[in-house]
Amino acid sequence: MATQWEYATVPLIIHATKAILDQWGSDGWELVTVIQGPDAGLVAYLKRPKDA
């Protein structure tokens, strides 16, 4: 059976980017990409396997 994923988008505060990503990473989320959001801020896209 193929892995099923869940996704999250997280706004990044520039002075707290590492802390934000570390927190999500400790909850099992993997960073996929970071893009510039519509308000010129950064948005992180994360994924993790769904629980069976």
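Here the residue numbering is sequential within each chain, running from 1 through the sequence in written order. Local features in a predicted model are, by the rule used here, given only for residues with pLDDT of at least 70; side-chain atom pairs are given and counted only at 80 or more, and totals for whole chains, interfaces and linings are based on all residues. Note that the side-chain values use all heavy atoms of the structure and ignore hydrogens as well as water.

Going by an unreviewed UniProt entry, the protein carries the name DUF4177 domain-containing protein and comes from Cellulomonas iranensis.

## A short note on the sheet that holds strand β3 (residues 42–49)
Read across the sheet, three strands follow the order β1-β3-β2 without closing on themselves; strand pairing throughout is antiparallel. Both outer strands of the open sheet, β1 (5–12) and β2 (30–36), are each paired with one neighbouring strand and no more. Going from strand to strand, the sheet's axes swing by 20° on average, the running direction of each strand aside. Strand direction decides the pairing type here: β1 and β3, joined by eight bridges, are antiparallel. Bridging from a neighbouring strand, W5 pairs with P49 of β3. One requirement defines pairing of two strands: DSSP has to find at least two bridges between them. Elements are defined by DSSP. Helices are runs of H or I of four residues or more, strands are runs of E of two residues or more, and each kind is numbered from the N terminus. Between N-to-C directions, angles cover 0 to 180 degrees, with each direction set by a line fitted to C-alpha atoms, over the stretch in contact for helices.

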